[in-house]
Protein chains: 2
Amino acid sequence: MKETLLCPRLAKAMELLGKRWTALIIFQLIDGAKRFNEIESSLPISGRLLSERLKELEKEGLVERTVFSEVPVRVEYNLTDKGYALKDVVDGIESWSKEWF
Amino acid sequence: MKETLLCPRLAKAMELLGKRWTALIIFQLIDGAKRFNEIESSLPISGRLLSERLKELEKEGLVERTVFSEVPVRVEYNLTDKGYALKDVVDGIESWSKEWF
DNA sequence: AAAGTTAGTTACATAAAGTAACTTGTGATT
DNA sequence: AATCACAAGTTACTTTATGTAACTAACTTT
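The structure reproduced in this document is the subject of the present report. Remember, predicted model here, so these are calculated numbers, not experimental data.

## Details of the side chain of A:Ser42
All names here are of chain A.
For step 1, the next point in the chain: Structurally, Ser42 is set in helix H3 (residues 36–42).
For step 2, the next point in the chain: Judged by its relative accessible area of 8%, Ser42 is buried.
For step 3, the next point in the chain: Here Gln28 takes part through its side chain, which lies 3.1 Å from a polar atom of the side chain of Ser42.

## Things to note about the relation of the copies chain A and chain B
For step 1, the next point in the chain: With an axial shift of 0.0 Å and an RMSD of 0.0 Å, the rotation relating chain A to chain B amounts to 180°. Both copies are brought into coincidence by an operation consistent with a two-fold rotation axis.
For step 2, the next point in the chain: Here 98% of the interface residues in chain A have copies in chain B that are interface residues too; the copies meet face to matching face.

## Looking at the environment of B:Leu29
For step 1, the next point in the chain: Secondary-structure assignment places B:Leu29 in helix H2 (residues 22–29).
For step 2, the next point in the chain: In this structure B:Leu29 touches B:Lys34, B:Ile39, B:Val63, B:Tyr77 and B:Leu79, once residues within four positions along its chain are discounted.

## A look at the interface of chain A and chain B
For step 1, the next point in the chain: The interface of chain A with chain B comprises 42 residues on the first partner and 41 residues on the second.
For step 2, the next point in the chain: Here chain A meets chain B over a buried area of about 3,800 Å², counting both sides, of which 74% is carbon and sulfur.
For step 3, the next point in the chain: Across the contact surface, chain A and chain B share zero salt bridges.
For step 4, the next point in the chain: For the interface between chain A and chain B, the tally reads six residue pairs in polar contact (both at pLDDT 80 or more).
For step 5, the next point in the chain: Of all elements in the fold, only helix H1 (8–17), helix H2 (22–29), H3, helix H5 (81–84) and helix H6 (87–100) of chain A reach the threshold of two or more residues within the side of chain A that touches chain B.
For step 6, the next point in the chain: Residues of the side of chain A that touches chain B, tallied by class, amount to 23 nonpolar, seven polar and twelve charged.

Rules of the game
- Residues numbered from 1 in each chain as written.
- Chains lettered and ligands numbered in written order.
- Predicted model: local features only at pLDDT ≥ 70, side-chain atom pairs only at ≥ 80, totals over all residues.
- Heavy atoms only, no water.
- Helix = DSSP H or I, 4+ residues; strand = E, 2+ residues; numbered from the N terminus.
- Buried < 20%, exposed > 50% of the residue type's maximum accessible area, 1.4 Å probe, protein only.
- Polar contact = N/O pair within 3.5 Å; in protein donor to acceptor, adjacent residues only side chain to side chain.
- Least-squares fit on C-alpha atoms with pLDDT ≥ 70 in both.
- Contact = heavy atoms within 4.5 Å.
- Buried area = accessible area lost by both parts, 1.4 Å probe.
- Salt bridge = Lys/Arg side-chain N within 4 Å of Asp/Glu carboxyl O.
- Nonpolar A, V, L, I, M, F, W, Y, C, P; charged D, E, K, R; others polar.

Laid out in structure tokens, this is it:
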């Protein structure tokens, strides 16, 4: 990959947000915590990739994972402040899509 | 791929914007037209993919392609209204990246 | 003890992205 | 006339990411 003048922060952000499903997962969590299966059924994503994406988002500090030791186990995901700070962005994409498609 | 309750317009928008480089290409064009080589050298993207992305963006009506029959040939790309309507979104991503990374 | 439930994981097939060399059209240079 | 330079791609090939479906772990209810 070539080097570039591109701002490293923006590059990093786009590396994350530009990945398939990432923005839609954040979009699903904007209105509050959801569990794994809820996200999985609200998007056409497989468990394999959802699991992978949630791990990335957790690692980057946009998403927080909480395990409830019930039976069967319940796991909830919710946005951190860093993740929620993207609300305007994902809302902007949503309204753009409604206006132009 | 599973079916979902997801809004088809948003799904379509994300299919486009979620592709690698797409948002960064739009970002490069926000301040005005650029030619192929300028975009290529301002991003760590190869000619192969840049060409592919620009075709997609042109097909979806976000980008306009203009050929100038000079020697050597000059080709400029610029945003349409539909593409420019994403300015707030890409600016939002940029400021988020500066604040949180 | 067999079946159900959530939240994953594994193995394998297909599609997308990365890399580098090649092509096309045109005019200028040797 | 043959070679070279240049922008804007394209082609062939390799590597990585994604899609699909079957499987696992832990624990409960039937």
